[in-house]
Amino acid sequence: NAGVMQNPRHLVRRRGQEARLRCSPMKGHSHVYWYRQLPEEGLKFMVYLQKENIIDESGMPKERFSAEFPKEGPSILRIQQVVRGDSAAYFCASSPRRDSQTQYFGPGTRLLVL
Amino acid sequence: GQQLNQSPQSMFIQEGEDVSMNCTSSSIFNTWLWYKQDPGEGPVLLIALYKAGELTSNGRLTAQFGITRKDSFLNISASIPSDVGIYFCAGLIGAGGTSYGKLTFGQGTILTVHP
């Protein structure tokens, strides 16, 4: 049973470009969380999605950031017009149920904005 | 929002020594979790605590859920080189309107073990 998969593992973008980060949850998991980790800090919650629905996006910046989890395919975290401050590691985690306290994390995507 | 204060920020120990780290919060959490993160990887769950006062072990790891629900500690006994990594505490409210896995993380404790 494959774990949570994220790609790309590393992404380099120039300021103003778009970044698309993909997350494939574990098989059978329909709940996805995205977290951001700045250097030498803990993870910060960004958004929680169930299939086709955004449940809680309270941790996601209002501008330039969006997330989706379509019926088919991976969850996507999209950052438009990236700035240097967006450089961070972005992790997704999946769980089998809404009330599950166990989340399985992917290996992360490390975004570097030049 | 909730914040978790984790200490110490870093530890340098000799192989075989015991390690203790803790996490405190100004808010109540109904679940406490401890994760380990290796370089270039995502966090891996070590121990989950669900009840105030609960003491749980997983091999050489022992963690406790504080009675006030505002703190937790993690102990590692007889450390070995592969214990090296960053340890994070995380809290989950998990009650009322937030009955899903929105985790709040501490800042992490960097553990270095000298052979």
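Structure's up top.
Since we're looking at a predicted model, the values are computed, not measured.

Engineer: Even after reading the chapter, I still don't get the state of the cysteines, so can you show me in this structure?
Structural biologist: By definition, a disulfide links the sulfur atoms of two cysteines through a covalent bond. All names here are of chain A. For the structure on display, the rule yields 2 disulfides over all chains. Sulfur-sulfur distance for the disulfide between Cys 23 and Cys 92 comes to 1.9 Å. Taking the sign of the torsion about the S-S bond as the criterion, the disulfide between Cys 23 and Cys 92, at about 75°, is right-handed. Of this pair, Cys 23 sits in strand β3 (residues 19-24) while Cys 92 sits in strand β9 (residues 88-95), and the two are 69 residues apart along the sequence. A relative accessible area of 0% places Cys 23 in the buried class. Residue classification places Cys 92 among the buried residues on the basis of a relative accessible area of 0%.

Engineer: Looking at this structure, how should I read the pairing of strand β5 (residues 43-50) of chain A?
Structural biologist: Both faces of the sheet carry side chains from a regular strand, because those side chains alternate between them. Residue and element names in this part refer to chain A. Counting buried residues along β5, 6 of its 8 residues qualify, which places the element largely inside the surrounding structure. Sheet analysis places strand β4 (residues 31-37) next to β5, joined by 7 bridges and oriented antiparallel. Counted as the bridge partner of Trp 34 is Val 47 from β5. Joining the antiparallel neighbours β4 and β5 is a turn of 5 residues, in which Glu 40 adopts a positive phi near 60°. Across 3 bridges, the pairing between β5 and strand β6 (residues 53-56) is antiparallel. Among the inter-strand pairings, Tyr 48 is bridged to a residue of β6, identified as Asp 56. In textbook terms, the turn of a hairpin is the stretch between consecutive antiparallel strands, and for β5 and β6 this stretch comprises 2 residues, one of which, Glu 52, has a positive phi near 70°.

Criteria and thresholds
- Sequence positions are assigned chain by chain, starting from 1 and proceeding in written order.
- Chains and ligands are labelled by the order in which they are written, letters from A for the one and numbers from 1 for the other.
- Two thresholds apply to this predicted model, a pLDDT of at least 70 for residue-level local features and 80 or more for giving and counting side-chain atom pairs, whereas whole-chain, interface and lining totals are computed over all residues.
- As a rule here, side-chain values cover all heavy atoms of the structure and leave hydrogens and water aside.
- Cysteine sulfur atoms are paired as a disulfide whenever they come within 2.5 Å of each other.
- Elements are defined by DSSP. Helices are runs of H or I of four residues or more, strands are runs of E of two residues or more, and each kind is numbered from the N terminus.
- Burial here depends on accessible area, computed with a 1.4 Å probe over protein chains only, as a share of the maximum for the residue type. Under 20% is buried, over 50% is exposed, and the range in between is partly exposed.
- Note: two strands are recorded as paired if DSSP finds a minimum of 2 bridges between them.

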